[in-house]
Structure formats: C-alpha cells, structure tokens
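Each chain, written out:
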Amino acid sequence: MRCECLILAAGLGKRMKSMLPKVLHPVGGRPLLAWALEACRGATGIEPALVVAPGMDEILRKAGLGKRFVVQKERLGTAHAVMQAADELRGQGDLLLVVNGDMPLLEAATLRRLIEAQEAHAGAFTLLTVHGDEARGFGRLQRDERGQVIAIVEEADATSEQLALREFNVGAYCFRSEWLWESLAKLEVSAQGEYYLTDLVALAVKEERSVATVEVADPDEAIGVNTREHLAQVEAVLRGRVNRKWMLAGVTLQDPATTYIGPQVEIGQDSVILSGTHLEGGTVIGAQCQLGPNTIVCASRIGDRCRVSASVLEEATLEDDVDVGPFAHLRKGAHLCRGVHMGNFGEVKNSIVGAGAKLGHFSYLGDATIGEGVNIGAGTITCNYDGERKFHTEIEEGAFIGSDTMLVAPVRIGRGARTGAGAVVTKDVPPWSVAVGIPARVIRKLKESDD
Ligand code: UD1
Ligand code: CA
C-alpha cells in the first residue's frame, strides 16, 4: 500500500516562551524538526509534507528542513492543520501517516510498525499510544469495557476522572486516506475553539469503524516538546542514546552525564572522553585519543593518539600524536602536523604548524606557515593584522623563536634562524642567522651544523 506522510508543525509553540519557532530549537545538536523529518523519511521512504505557519516555509527551506510545504494561515487545531494539506495529498496514497512535529524521539522503526498495523487493519486508522506516569499535557485514551478505544480526551477538556487515565496519545496516526479526507469536514470545534484531530476517534466509533492502537516499545520515544523542561528531557534521552552507541563501539566515556557527542561525530576505538566534553558538528576523532576534561571540539579532525585537555577546537585539524592544552584555542584552519606540542594559553588560526614543532606557552599564530621542528618561545605573536589587511608569516624548518618575539607580517624567518628574546621582527631573517632587538637586526650567522 502506498503511504503518504504529513508532519504537523504550524503550532506557535507558545509554551516555549521563545522568539525562536519551537521546531527550530536545537536538541541533540539539530533543530527539533530534523528528527521528525528523519524518522518519517525512514518509515515511509518518501519526503514528508509539512504543515507550517505563514513565513515558516521560507525559513525551513533555507535551513534545509523539508521540501514540501503547506501553509496553515490560522492555527485552528491539529485537524484544521491536516485539512490544509488536502490539495497536496488527497488521492495521493492509500494510507496517510500524520506525525506531530514536536516528537523528536519517535524512531523510524516505531512509525513503520504503526503503518504495518494499519495495513493489516480494515478500520479507519491506527494510532500510537504510551502508558506512563507523566502526562506532559497528552490526550488520554478512553477505552470501553471490551478494551476498544472509544475516544481521546484532551487535557484541557478532561474531567478529573479522565485526567487519571494513564494511557496517552503519542501524536502519530496512520489513516486510511479516503476515510480521513471525508471525515475531517465532519468534526466540530472544541470548547477550546480548535478542531482536534483526536476527535476522529469518537467519530470513527460513532460510524462503527474500528480504531486500532500500537504501543511504543520505549516510553522515552513518546516525550513530546511543549516546554523547555521537555526539551531538556529529550536532550538527556538523545545524549544517552548517542553515548551508549559510542561506549558499545569501544569508546570510554568517563562521565556520560556531562558528555555531549553530536549525531554526526565519529570516534575511533579506545579513545577516552573525559567529563565536561562537547564534540560537535562533523568532528572525526581517531583511535586511542584522550579528550577532556572540559574540552569543546567543533567540526574538527583529530588523528590517532592525540591528547587535548581543557581546550577549544573549531574547524581545526590535528594529525597523529598531537598534544594540546590545557587552555588552548584552535580556530578555523589551524592544522597541527604529527607530534606537535601546543601547551597552555596558545591560539592558532589559519596556520600550518609543521611536524614536531613546539609552542609551549602564551602564543598567537595567525596566517602562518611553521616548518618542522620549529620552537616557538613563550609569548610569541604573529602580528598578522595592520587594521585593514591580514599578512602571512613564514617560519622555516628548525628555526628557534625567542620568548616574546613579535613577528610583524609579512615576514619570513629562514631555516635554522634564531630570534632573541623580545625581538620585534619587521624584516625577513635569513637562514642560519641570529636577529635581536627592536626593530630586529642580524647580529651573527650560525653554522648549519649548530642545527
Ligand atoms: C496533541 C494531541 C494530544 C497528544 C499530543 C502528543 C491534539 C488535539 N492533541 O496535543 O492528544 O497527546 O499532541 O503529541 O491533536 N499544530 C499545527 N496547527 C495547529 C495546532 C497544532 O500544525 O493549529 C501542530 C503543532 O505544531 C504540533 C502538533 O500539531 O507539532 C501538535 O500540536 P500541539 O499544540 O503541540 O498539541 P498538544 O497539546 O501537544
Ligand atoms: Ca505537542
């Protein structure tokens, strides 16, 4: 049977008390809506249509979230939202999967089970349910003495007796399409002034059509996001899922509760992630590394056997056996080759630091190329910016930069050269020579054998 798919995402998300639309709030490193889109694609194999508020279609398209949009001009409830998709979807499939866009933990396999249950069911539709202690504002399922579902009662309209019911409507339904499109128009407005999709249960029962249910296997999947408290609960579950995956794959997490690993991150075997560490974006980490504590790595590549402690890396590359921190900041385009040692309070941006080079303390390297085995003395700075433009610094293989050297770019330090402590280098220093002073001048030549 052909199954179409619709995600409801036009709600205002008022309970979030936010300027940002609810579906764009990040959770588990991605916007809320990205999770529902992925699960729906996985379950149906098609691109879901989205019901959105006016203006949101453009915003979501730009954010790469969804391709098929239907605009709901007024928020008149979940049934009204589905009705807006009639032109787009009516006559398109035998079944229609409808999923609330604020249920980021629902898995594709669960939605698949829902579709399969409806394929095997002659009745009007099948809906997903969960039993639990925490209602989180969910509609309550009412069943008759034979156990048949007879209605969903929304929290706002429920009696205290109904509020005590402990089976909830998750917010995912698989309808027989024809029945759905005929029935939506028959719904009446609720006491809250909304058209409830959930009223279709009572309507089907009145028409003597059966409504089936499928229960989610893991109650965590049914955590919907209406408030920021729910958002934090979802974050914790997503974090747990990702962390468990990496521990099973052979990565040690010292304290999973304070470890944040984004969904696109890759980590090699026997790496150890210490507490308070965030790994974000498309970060790739090799084997046998130790990262943390208190380290943030975003969109970076880290080779094997690296150590990074209490540092921040953004769009940086570390080759194998690199040692960074504590308190280092690697910014976009920082590339530390094999065996580099970068100690405390250093910053590197848009620079290649050659194999085995050392920058132990308090230095800034920007727009620089540093050769193999160079020693960068404490407090060295590449003065790469004159207020208007950025300039390049080159330090050739084996050079020794004295403490507190200012390298006023553009400038080149030749192979094996040395600068004295406190030198302000404004002109190129030839290979194998020693430059000192302000501005620095060459005072002596070195023999290459001094290397
Ligand atoms: C809804 C269900 C409730 C269920 C819960 C679980 C209804 C009436 N109630 O309640 O039974 O337990 O979800 O997820 O359906 N939306 C629109 N247009 C609207 C209103 C809502 O697109 O006019 C969208 C929202 O963006 C959201 C979804 O529909 O993604 C559900 O709306 P929401 O207001 O969150 O409903 P709940 O109160 O959570
Ligand atoms: Ca909701």
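Everything below is about the structure shown above.
Residues numbered from 1 in each chain as written. Chains lettered and ligands numbered in written order. Predicted model: local features only at pLDDT ≥ 70, side-chain atom pairs only at ≥ 80, totals over all residues. Heavy atoms only, no water.

**Q** Explanation requested: the pattern of salt bridges in the structure shown.
**A** When the charged atoms of two side chains with opposite charge come close together, those side chains can pair. Overall, the coordinates contain 19 salt bridges when judged by the stated rule. For Arg68, the salt bridge is made with Glu88, and the minimal N-O distance between the two is 3.1 Å. Note that Arg68 is positioned in strand 5 (residues 68-71) and Glu88 in helix 4 (residues 86-89), a separation of 20 residues in sequence. Among the ionic pairs, Arg136 bridges to Glu134, the shortest N-O distance being 3.3 Å. Through salt bridges with shared partners, one network takes in Arg2, Glu4, Arg68 and Glu88. (Salt bridge = Lys/Arg side-chain N within 4 Å of Asp/Glu carboxyl O. Helix = DSSP H or I, 4+ residues; strand = E, 2+ residues; numbered from the N terminus.)

**Q** When you look at the nonpolar core in this model, what are you seeing that I'm missing?
**A** Generally speaking, soluble globular proteins have nonpolar side chains that are buried together. Counting residues in hydrophobic clusters, the biggest one holds 48 residues, and the most contacted among them are Leu318, Leu330 and Leu336. The set of elements that each furnish at least two residues to this core consists of helix 9 (228-248), strand 26 (334-336), strand 32 (368-370) and strand 38 (411-413). Other than its neighbours up to four places away in sequence, Leu336 contacts Thr317, Leu318, Glu319, Val322, Val324, Leu330, Met342, Val348 and Val353. In this structure, Val99, Met103, Leu111 and Phe138 belong to the second largest nonpolar core, which totals 39 residues. (Core = buried A, V, L, I, M, F, W, Y, C linked by side-chain atoms within 4.5 Å. Buried < 20%, exposed > 50% of the residue type's maximum accessible area, 1.4 Å probe, protein only. Contact = heavy atoms within 4.5 Å.)

**Q** How do you make sense of helix 9 when you look at a structure like this?
**A** Every α-helix carries 3.6 residues per turn, so stepping three or four residues along brings you back to the same face. The terminal C-alpha atoms of helix 9, which comprises 21 residues, lie 30 Å apart, in line with the 30 Å expected from a rise of 1.5 Å per residue. In the core, the buried residues of helix 9 are packed alongside strand 2 (26-27), helix 1 (32-44), strand 12 (252-253), strand 13 (260-261) and strand 14 (266-267). Immediately downstream of helix 9, the backbone of Gly250 shows phi near 100°, a positive value. (Expected span 1.5 Å × (residues − 1).)

**Q** Can you help me understand the side chain of Thr283 in this one?
**A** When you line up the elements, Thr283 lands in the loop between strand 16 (278-280) and strand 17 (284-285). When its relative accessible area of 0% is taken as the criterion, Thr283 is described as buried. Once you skip the residues sitting within four places of it in the chain, Thr283 turns out to touch Gln264, Val265, Glu266, Val297, Cys298, Ala299 and Ser300.

**Q** In this structure, what is going on with the sheet that holds strand 29 (residues 351-353)? I would like to understand it.
**A** Sheets are built from strands paired through backbone hydrogen bonds, the pairs being either parallel or antiparallel. Overall, parallel pairing links the 9 strands, which are arranged 14-17-20-23-26-29-32-35-38 in an open sheet. Both edges of this open sheet fall to strand 14 and strand 38, since each of them pairs with a single strand only. Of the pairings in the sheet, the one linking strand 23 (residues 317-318) to strand 26 comprises 2 bridges and is parallel in character. Paired with Leu318 across the two strands is Leu336, which belongs to strand 26. (Pairing = 2+ DSSP bridges.)

**Q** Just checking my understanding: could you explain helix 1 for this structure?
**A** Between its first and last C-alpha, helix 1 extends 19 Å over 13 residues, near the 18 Å set by a 1.5 Å rise per residue. By the criterion of burial, helix 1 is predominantly enclosed, with 10 of the 13 residues buried. One or two positions beyond helix 1, positive phi appears at Gly45, with a value near 75°.

**Q** What is the right way to look at the coordination of the calcium ion (ligand 2) in this model?
**A** Only Asp102 (OD) and Asn226 (OD1) from the protein reach the calcium ion (ligand 2) as donors, at distances of 2.3 to 2.5 Å. In this pair, Asp102 sits in the loop between strand 6 (95-100) and helix 5 (108-119) while Asn226 sits in the loop between strand 11 (211-215) and helix 9, placing the two residues 124 residues apart along the sequence. For the pair Asp102 and Asn226, a shared accessibility class is recorded, and that class is buried. (Donors = N, O, S within 2.8 Å, 3.2 Å for Na, K, Ca; no water.)

**Q** Would you explain the layout of surface pockets in this entry?
**A** For the largest pocket, the calculated volume is near 1,300 Å³. Along the walls of the largest pocket sit 41 residues, with Arg15, Thr78, Asp102, Glu194 and Asn226 positioned nearest its centre. Listing elements by their share of the lining of the largest pocket, those giving two or more residues are strand 1 (3-9), helix 3 (78-83) and strand 10 (167-176). By residue number, the principal contributor to the lining of the largest pocket is strand 10, which donates 4 residues. Here the residues of the lining of the largest pocket are counted per class, giving 18 nonpolar, 15 polar and 8 charged. (1 Å grid on protein atoms, 1.4 Å probe; cavity = no way out; pocket = protein on both sides within 12 Å on 5 of 7 lines; lining within 4 Å. Points joined across faces, edges and corners; volume = space filled by probe spheres on them. Nonpolar A, V, L, I, M, F, W, Y, C, P; charged D, E, K, R; others polar.)

**Q** Looking at this model, I keep getting lost on unusual backbone geometry. Mind explaining?
**A** Backbone phi values are negative for most residues with the exception of glycine, while trans is the configuration of most peptide bonds. Look at the link from Gly292 to Pro293: it is a cis peptide, with omega at 0°. Looking at where Pro293 falls in the secondary structure, it is placed in the loop between strand 18 (290-291) and strand 19 (296-298). The step from Ala409 to Pro410 runs through a cis peptide bond, and the omega angle for that step is 5°. Note that Pro410 resides in the loop between strand 37 (406-408) and strand 38. Notably, Asp270 is not glycine yet its phi reads approximately 60°, a positive angle. Structurally, the position occupied by Asp270 is in the loop between strand 14 and strand 15 (272-273).

**Q** When you look at the site of ligand 1 in this model, what are you seeing that I'm missing?
**A** Near ligand 1 lie 25 residues; those nearest to it are Leu8, Gln72, Thr78, Glu154 and Asn169. Within the contact set of ligand 1, an oxygen atom lies 2.9 Å away from a backbone nitrogen or oxygen of Gly77. Between ligand 1 and Gly101 there is a distance of 3.2 Å, counted from an oxygen atom to a backbone nitrogen or oxygen. With the chains in place, 90% of the 740 Å² that ligand 1 exposes on its own is no longer accessible. (Near = heavy atom within 4 Å. Polar contact = N/O pair within 3.5 Å; in protein donor to acceptor, adjacent residues only side chain to side chain. Areas by Shrake-Rupley, 256 points an atom, 1.4 Å probe, with all protein chains shown as cover.)

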